[in-house]
Amino acid sequence: MATYAIYLFTFLALVSSQAFASDPSPLQDFCVADMKSEVFVNGLVCKNPKEAKPEDFFFPGLDKAGDTSKNPGSNVTLVNVDKIAGLNTLGISLSRIDFAPNGGLNSPHIHPRATEVLTVMEGTLYVGFVTSSPDFKLFSKVLNKGDVFVFPQGLIHFQFNIGAVPAIAFAGLSSQNPGLVTVAKAVFGSNPPISDDVLAKAFQLDKKTVDWLQAQFWNSS
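Residues numbered from 1 in each chain as written. Predicted model: local features only at pLDDT ≥ 70, side-chain atom pairs only at ≥ 80, totals over all residues. Heavy atoms only, no water.

Secondary structure summary: the protein contains four helices and ten strands in total. The linear arrangement of helices and strands in the protein, starting from the amino end, is α-β-β-β-β-β-β-β-β-β-β-α-α-α. For the protein, with 221 residues in total, the buried portion stands at 31%. Split by element, the accessible area of the protein, about 13800 Å² in all, is 62% carbon and sulfur. (Helix = DSSP H or I, 4+ residues; strand = E, 2+ residues; numbered from the N terminus. Buried < 20%, exposed > 50% of the residue type's maximum accessible area, 1.4 Å probe, protein only. Areas by Shrake-Rupley, 256 points an atom, 1.4 Å probe, with all protein chains shown as cover.)

Next comes the structure, spelled out in structure tokens:
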């Protein structure tokens, strides 16, 4: 009976850990990150709550536009736990995204640890995400000022300014550290580079084209 109980407890623990796999939940009012701690944990170590101050929950500057002059014509200002230590264990972060007119692009990318909710503040954006195998279905929409769109966690998504004026959007993300994998950069700009034999076969391209693509990302690094 005792052995059965141990197996049952172990099974329930494993199921629970998978069912609630997300940012760690706070067990107190807040857990301000101790950025000076050398202890490595899943998340960030809390500092003594008696040492917390208003600045631990504050970030200035999201009223300022980001520089969109460089390719691909967008700028993301991310406010995560690295910017606001008080976000630690709260499972949320925020970003401002600025787009250059006539084609400013937030390139196809993935947030491995977060769902994103995007709100357009100014301009017109064409946005979308692609589902996983086997369908690879595109869900896309043209958004105008005040429109909201959701990008599920871990799926490739993008935003593209189809208007003649600059566009601005704000995004909420369901993690204190959502992570970012830009698809093109990860594939063609990895360090060290992925073998051009592998990429040529995967993308059905000749090796010269692959080498050229890799050079674009290495030259822009």
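Next, the rest of the story.
If you walk through the whole model with that rule in mind, you get seven salt bridges. A salt bridge links Lys 145 to Glu 122, with the nearest nitrogen and oxygen atoms 3.5 Å apart. Of the two residues, Lys 145 sits in the loop between strand S6 (138-143) and strand S7 (148-151) while Glu 122 sits in strand S4 (residues 116-122), which places them 23 residues apart along the sequence. According to the relative accessible area criterion, Lys 145 is exposed, its value standing at 56%. Here the salt bridges share partners, and the residues they tie into one network are Lys 47, Lys 53 and Asp 56. (Salt bridge = Lys/Arg side-chain N within 4 Å of Asp/Glu carboxyl O.)

Under the local residue numbering, the UniProt record ascribes the feature "binding site: Mn(2+)" (unreviewed entry) to His 109, His 111, Glu 116 and His 157. In terms of the greatest pairwise C-alpha distance, the residues named above, spread along 49 residues, form a tight cluster of at most 11.7 Å across. Positionally, His 109 belongs in strand S3 (residues 105-110). Polar side-chain contacts of His 109 include one of 2.6 Å to the backbone oxygen of Ser 107. Among the structural elements, Glu 116 can be located in strand S4. Judged by its relative accessible area of 2%, Glu 116 is buried. Engagement of the side chain of Glu 116 in a polar contact is seen with the side chain of His 111, the distance being 3.1 Å. (UniProt positions renumbered as here; feature names shortened; annotations may be inferred. Polar contact = N/O pair within 3.5 Å; in protein donor to acceptor, adjacent residues only side chain to side chain.)

Cis rather than trans, the peptide bond between Asn 71 and Pro 72 has omega equal to 10 degrees. Its location among the elements puts Pro 72 in the loop between helix H1 (2-19) and strand S1 (74-79). Looking along the chain, the bond that leaves Asn 191 and enters Pro 192 is cis, with omega of 0 degrees. Tracing the backbone shows Pro 192 in the loop between helix H2 (183-188) and helix H3 (196-203). Even without being a glycine, Thr 89 presents a positive backbone phi close to 75 degrees. Inspection of the secondary structure puts Thr 89 in the loop between S1 and strand S2 (93-99). Assessed through its relative accessible area of 10%, Thr 89 is described here as buried. In this model, Gln 204 sits at a positive phi of 55 degrees, which is unusual for a non-glycine residue. Take Gln 204: it is sitting in the loop between H3 and helix H4 (207-219). Owing to a relative accessible area of 73%, Gln 204 belongs among the exposed residues under this scheme.

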